[in-house]
Every structure is written in structure tokens, then in C-alpha cells.
Amino acid sequence: MKLETQQLIMAPIREQDWSLFHALHTTSLVIEKCFDAPGEDDLKDKFQGRLQPWAPESGAWLTLTIAEKESGKPVGITGFFVEHGIAEVGYLLMPEFYGKGYGTESLQAVVEWAETQGLHQMRAVVTEGNIASERVLEKCGFTLKEKIPLAYEIGGHLYADHIYQRGAF
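**Overview of the nonpolar core**
Considering soluble globular proteins, one finds that nonpolar side chains tend to be buried as a cluster.
Now for step 1: Residues Met10, Phe80, Leu107, Leu137 and Phe142 are the most contacted members of the largest nonpolar core, which totals 44 residues.
Now for step 2: The element that contributes the greatest number of residues to this core is helix H4 (residues 102-116), accounting for seven residues.
Now for step 3: Not counting the four nearest positions on each side in its chain, leucine 107 is found in contact with Val89, Tyr91, Val136, Leu137, Cys140 and Phe142.

**Some words on the side chain of serine 106**
Now for step 1: For serine 106, the location among the structural elements is in helix H4.
Now for step 2: Overall, the relative accessible area of 0% leaves serine 106 in the buried class.
Now for step 3: A distance of 3.1 Å separates a polar side-chain atom of serine 106 from the backbone oxygen of glycine 103.
Now for step 4: The contacts of serine 106, once residues within four sequence positions are left out, are Leu8, Met10 and Ile66.

**Remarks on the pattern of salt bridges**
Now for step 1: Taken as a whole, this structure holds six salt bridges when the rule is applied.
Now for step 2: Residue glutamate 88 pairs with arginine 123 through a salt bridge whose shortest N-O separation is 2.9 Å. Of this pair, glutamate 88 sits in strand E5 (residues 86-93) while arginine 123 sits in strand E6 (residues 121-127), and the two are 35 residues apart along the sequence.
Now for step 3: Among the residues examined, glutamate 88 registers a relative accessible area of 16% and is labelled buried.
Now for step 4: Given a relative accessible area of 25%, arginine 123 falls into the partly exposed group.
Now for step 5: Salt bridges sharing partners connect three or more residues here, namely Lys2, Glu4 and Lys69.

Calculation notes
Residues numbered from 1 in each chain as written. Predicted model: local features only at pLDDT ≥ 70, side-chain atom pairs only at ≥ 80, totals over all residues. Heavy atoms only, no water. Core = buried A, V, L, I, M, F, W, Y, C linked by side-chain atoms within 4.5 Å. Buried < 20%, exposed > 50% of the residue type's maximum accessible area, 1.4 Å probe, protein only. Helix = DSSP H or I, 4+ residues; strand = E, 2+ residues; numbered from the N terminus. Contact = heavy atoms within 4.5 Å. Polar contact = N/O pair within 3.5 Å; in protein donor to acceptor, adjacent residues only side chain to side chain. Salt bridge = Lys/Arg side-chain N within 4 Å of Asp/Glu carboxyl O.

As C-alpha cells, then:
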């Protein structure tokens, strides 16, 4: 499986992508509005889980690396997991690629591909204050459906979860 857009190529994550995965989960600018940095063992386990073969019924993440088509530079990861027929999307980009439209471009490609697989209901959970991520979702046709106050802790502070949906629920 490979998805191509005007500027990007997305392909399933591989063992060789460990350094990108590690950087995305430990770089403070990436994770500050998403989660606390995981411990090394937990991160290795999470990575191994992302390497498993994906099927809609597996409950596992379909994790795709994102790379610039022209340069081949790794940009980040994107993907989703399916629960009860609903695809929950997620994405992380390295800071040097912020503001280039890559989040929107990659998510739109993933959404379109998921729909070809019969997945027409999608959701995303965004931490309050992650405005850039909310804009990406809105550009890809997601709408804010619910705010859950004090739902998630990052760095000792509680934040609201913003629940976005796309498709008929």
C-alpha cells in the first residue's frame, strides 16, 4: 500500500522508521499539546504494535510514514484504528514541516483511502489548545461535536478533549 499526493508519499511504517517514531514521541514541540513523553520501554512496545499487519477488524493502528515526495525527507506519521466501524484518525509531524499544509494533505489522502475501504464514519480526539490540529481536521471535513472538560492530563495540567467527527453518526 502506498498513498501519493501532490507533495507527499505515505507508506506503512517499517523497522527502519524507529528514529522518526522515537523523535515524534519525544520532541517537546510535537507532543506538548498531545501527550507526555512515554518511557523508552513503552515507546518500543508501541512501535512494535504499529509494525503489526493491519486489517479493519484487527483493532491495530494502520500507521503510515509521511515523506516529502521531492526530497524523500521523513515528515511524520498518520493513520487510524477502527473500533465499532469508526476510524479514529491521528497524525504527528516534525516541527520543521509545520505550516506547509502537509498535515491536511496527508490526512485528506488517508480519509479518502479509508472511505474506499468502506470506512465512512471517522473521529479524532484533540487536546484543548491544539489549534493547528483542529484546523487540519476542519479542512478535511471534520466538525467539532463535543468538548469533554478536564479529560486529559499533560504535564500535570488537565485539558478538555475536543471530539471531532466526519460522516453520518
